[in-house]
There are 2 protein chains.
Amino acid sequence: VGIGDDAAVIPVRGTHALLTTDALVEGTHFHRAWFLPEEVGHKALAANLSDAAAMGGRPTHALVSLILPPATSVAAVERMYRGMRRLARREGVRVIGGNLARGERISVTIFLLGDFPKGKPLLRTGARPGDRVFVSGRPGLAYLGLRLLSEVLPPRRFGKLSARDPWLPAPSGEPAWRRELRMSDPEAAAALKRFLLPEPRVRLALALRALRPTSLIDLSDGLSIDLGHLAESGARLHIDPERLPIRPRFEALAHALGEHAVVACLRGGEDYELLFTLPPREAGRAGRAGRLAGIPITEIGEVADGRPGTFVPHGEGWAALPPLGFRHFQQK
Amino acid sequence: VGIGDDAAVIPVRGTHALLTTDALVEGTHFHRAWFLPEEVGHKALAANLSDAAAMGGRPTHALVSLILPPATSVAAVERMYRGMRRLARREGVRVIGGNLARGERISVTIFLLGDFPKGKPLLRTGARPGDRVFVSGRPGLAYLGLRLLSEVLPPRRFGKLSARDPWLPAPSGEPAWRRELRMSDPEAAAALKRFLLPEPRVRLALALRALRPTSLIDLSDGLSIDLGHLAESGARLHIDPERLPIRPRFEALAHALGEHAVVACLRGGEDYELLFTLPPREAGRAGRAGRLAGIPITEIGEVADGRPGTFVPHGEGWAALPPLGFRHFQQK
């Protein structure tokens, strides 16, 4: 498997090795005024772990390549590694070293190596008519976290904060504005946490293998775009917006941010949830697999016969669902 | 083997896997006014291949993680990959994909995976008294290339060139100023080539394994600093400056640039040559191994008893050789 799926798979001594790489770039994927160093370390590794989860793989080793401005404090780098190591330990991954280079903006590139202890890689191509479509967790929540940060501390106001920048010498804890925002509302706190400290679904993906998913992908570009990625293999997906996992509190927070809840759920990116299809005879077991992993699983549609693509009910028939773009900070 | 040696080594099914990562960052390791896209692709991979060579490993797979400004032309990216693929093909490495992110400055981070088909990794720690010290190729030549570029087109003059920037749309070939510089003198052409298109010594390192080197390292920080890295393991290195591989033409070019040839040879970085020690009984075979690989090998000193460090003759005794720093563009 080469470029195009979520990770590369190479044959090693009769089995398969998983290789994947992803970068977290300042100004593109994070702003240092929003993120604590621990969160940058966590999120950089989480993005890679999610690529491993998307293949049904077990990540084992991580290499880290850092680009840092000369003024970055050693304390901030230590905090970044602490956030990375905490997640690595929890997921059974060894951080085995890396490389450091100077540059104008922070970037954290991670290279993840893994294997497939329970068989072959799971691909995004293989959904068949009759299969059911599932999504884990609460897609769109991370997007609401991004929107909250953009509202409360938009990039044009970053300049005023440099004195309290935790990446410079004398690092501090969570800034007051962020603590207040978090304390204001439990859903806001959940949204911020999902955006700043996303949880890759590695163990859920390994558990799902027993249900023989016909396709699997992680949500990184947003539900509507990632549905499109599943459909690209020739599948016709019938999605029911009524079944999307949208709670009243999510709806209220989306509304407060001037967003439609269904649109926020479909467009939101960086969820690191799993989107997958199961054959009908296994569909009933999905919920139990989710409960064992502590993550809700929701059936949101099925694979139909006909022209490939993602479709939603429209009058008597079906209408194509346009990709609702989430491309990091491009929407601004 | 963890952080500290040239690459990480992890056990895989009874054998060893090699993992290494290195980044080429615009403004730190290269300026786009100096480098053609092909050269950036080549040099990013070469830096990683050299880390593999430094362990006596055989690189097999490369993953590429790019950060690119949005204005970068697709043609430039294709040219960069072309330079990378050309070197990969020659060295038997497969480029298996990677990741692309937006950022303000170009950076090319490569992760290299390999193995050790002829046994264990070669480490930088193991030189014993009586061993001979060798260096391959012509250390310092890349540094003269960097000095030439800095003289002819210093960074303060970059602004004037943006219209001809080969990374922007409508990429062009080699700029006239660079072609003229290259044509002016064969040594200048060799120095530019060594800096822009360095040759990692992967095959030489594999060939040297037969001579059981007691330590091995690649020259990336400069000969005097990398000698220090060998000495850090407790070795006392007696280096004879008279024996350094300095040709009259190198001396003339160094002189024209206002540099002392011996200092240029000792301080120059990014040579990607090999520095290694051989037991005395194998020392006579080093030259032949180099001739087979087409690369001159020079004996420059030996490992002595006594206080560790790098020493040069001084009167009746020996004086410590200070590290002559080369840290990318820091010397300016």
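Up top you'll find the structure we're talking about.
The structure displayed is predicted, hence computed values, not measured ones.

All right, on to the packing of aromatic side chains then. Summed over all chains, the structure comprises nine aromatic pairs over all chains. The interplanar angle of 15 degrees and the centroid separation of 5.5 Å between the aromatic rings of Phe134(B) and Phe276(B) together place this pair among those described as stacked. Taken as a pair, Phe134(B) in strand β6 (residues 132-136) and Phe276(B) in strand β9 (residues 274-278) lie far apart in primary sequence, 142 residues in all. Phe276(B) carries the same exposure label as Phe134(B), and that label is buried. These aromatic residues form a ring-pair network of at least three members: Phe30(A), Phe35(A) and Phe195(A). In this structure, Arg236(A) is placed above the aromatic ring of Phe311(A), and the distance from its NZ or CZ to the ring centre is 3.8 Å.

Attention now moves to the relation of the copies chain A and chain B. Between chain A and chain B, the superposition needs a rotation of 180 degrees and an axial shift of 0.0 Å, giving an RMSD of 0.0 Å. One copy is carried onto the other by what is essentially a two-fold rotation axis. Across chain A, the rotation axis passes nearest the C-alpha of Phe111(A), at a separation of 3.3 Å. Interface residue correspondence from chain A to chain B reaches 97%, placing this contact among same-surface, isologous pairings.

As a further point, take a positive patch on the surface. Residue and element names in this part refer to chain A. A cluster of basic residues, Arg82, Arg85, Arg86 and Arg89, forms a positive patch on the protein surface. In this structure, Arg89 sits in helix α2 (residues 74-90). Residue Arg89 is classed as exposed on the basis of its relative accessible area, which comes to 63%.

All names here are of chain B. Following both chains from N to C, one finds helix α3 (residues 141-152) and helix α8 (residues 248-256) inclined at 30 degrees, their axes separated by 11 Å at the closest point. For the element pair α3 / α8, the angle class is roughly parallel. As for the relative orientation of α3 and α8, their crossing is left-handed in sense. Residues Leu141, Leu144 and Leu148 of α3 pack against Phe250, Leu253 and Ala254 of α8. By residue class, the composition of the contact of α3 with α8 is six nonpolar, no polar and no charged.

Here we come to the pairing of strand β7 (residues 215-218) of chain B. Residues and elements named next belong to chain B. Residue alternation in β7 divides its side chains into two sets, Ser215 and Ile217 and Leu216 and Asp218, and both sets are buried. In the sheet, β7 pairs with β9 via four bridges, with the strands oriented antiparallel. Bridge pairing in β9 links Ile217 to Leu275.

On to unusual backbone geometry, then. We note that Glu270(A) has phi near 60 degrees; this positive angle belongs to a residue other than glycine. Within the secondary structure layout, Glu270(A) lies in the loop between α9 (261-267) and β9 (274-278).

Turning our attention to the packing of helix α4 (residues 176-184) of chain A against helix α5 (residues 186-196) of chain A. Residues and elements named next belong to chain A. Closest axis-to-axis distance for the α4/α5 pair is 6 Å, and the angle between their directions is 125 degrees. In this view, α4 runs oblique relative to α5, as classed from their interaxial angle. Touching Arg178, Leu181, Arg182 and Ser184 of α4 are Ala188, Ala189, Leu192 and Leu196, all from α5. The residue makeup of the contact of α4 with α5, split by class, is five nonpolar, one polar and two charged.

Listed as interface residues are 36 residues of chain A and, on the opposing side, 35 residues of chain B. For the pair chain A and chain B, the two sides together bury roughly 2900 Å², of which 67% comes from carbon and sulfur. In this structure, the connection of chain A to chain B is made through two salt bridges. Summed over the shared surface of chain A and chain B, the number is six residue pairs in polar contact (both at pLDDT 80 or more). Elements with a minimum of two residues in the side of chain A that touches chain B: β1 (8-12), β2 (15-25), β3 (58-68), β4 (94-102) and β5 (107-115) of chain A. Looking at the side of chain A that touches chain B, the element that brings in the most residues is β2(A), giving seven residues. Looking at side-chain class alone, the side of chain A that touches chain B contains 15 nonpolar, 15 polar and six charged residues.

Turning our attention to the sheet that holds β6(B). Residues and elements named next belong to chain B. With mixed pairing, the seven strands of this open sheet are ordered in space as β7-β9-β6-β10-β8-β11-β12. Every other strand in the sheet has two partners, leaving β7 and β12 (317-320) as the edge strands with one partner each. Neighbour to neighbour, the strand axes of the sheet diverge by 30 degrees on average, direction disregarded. Here strand β8 (residues 236-239) runs beside strand β10 (residues 297-304); their pairing, made up of four bridges, is antiparallel. The residue of β10 that forms the bridge with Ile239 is Gly301.

Conventions and cut-offs
Residues numbered from 1 in each chain as written. Chains lettered and ligands numbered in written order. Predicted model: local features only at pLDDT ≥ 70, side-chain atom pairs only at ≥ 80, totals over all residues. Heavy atoms only, no water. Phe/Tyr/Trp six-rings, centres within 6.5 Å; stacked < 30°, edge-to-face > 60°. Helix = DSSP H or I, 4+ residues; strand = E, 2+ residues; numbered from the N terminus. Buried < 20%, exposed > 50% of the residue type's maximum accessible area, 1.4 Å probe, protein only. Lys NZ or Arg CZ within 6 Å of the ring centre and 35° of its normal. Least-squares fit on C-alpha atoms with pLDDT ≥ 70 in both. Contact = heavy atoms within 4.5 Å. Patch = residues over 30% accessible without salt bridge, like charges linked within 9 Å, V, L, I, M, F, W, Y side chains within 5 Å. Areas by Shrake-Rupley, 256 points an atom, 1.4 Å probe, with all protein chains shown as cover. Salt bridge = Lys/Arg side-chain N within 4 Å of Asp/Glu carboxyl O. Lys, Arg positive; Asp, Glu negative; His and termini not counted. Charge placed at Lys NZ, Arg CZ, Asp CG, Glu CD. Axes fitted to C-alpha atoms, helices over the stretch in contact; angles between N-to-C directions. Parallel < 35°, antiparallel > 145°, perpendicular 65-115°, else oblique. Left-handed = near helix turned anticlockwise from the far one by under 90°. Nonpolar A, V, L, I, M, F, W, Y, C, P; charged D, E, K, R; others polar. Pairing = 2+ DSSP bridges. Buried area = accessible area lost by both parts, 1.4 Å probe. Polar contact = N/O pair within 3.5 Å; in protein donor to acceptor, adjacent residues only side chain to side chain.

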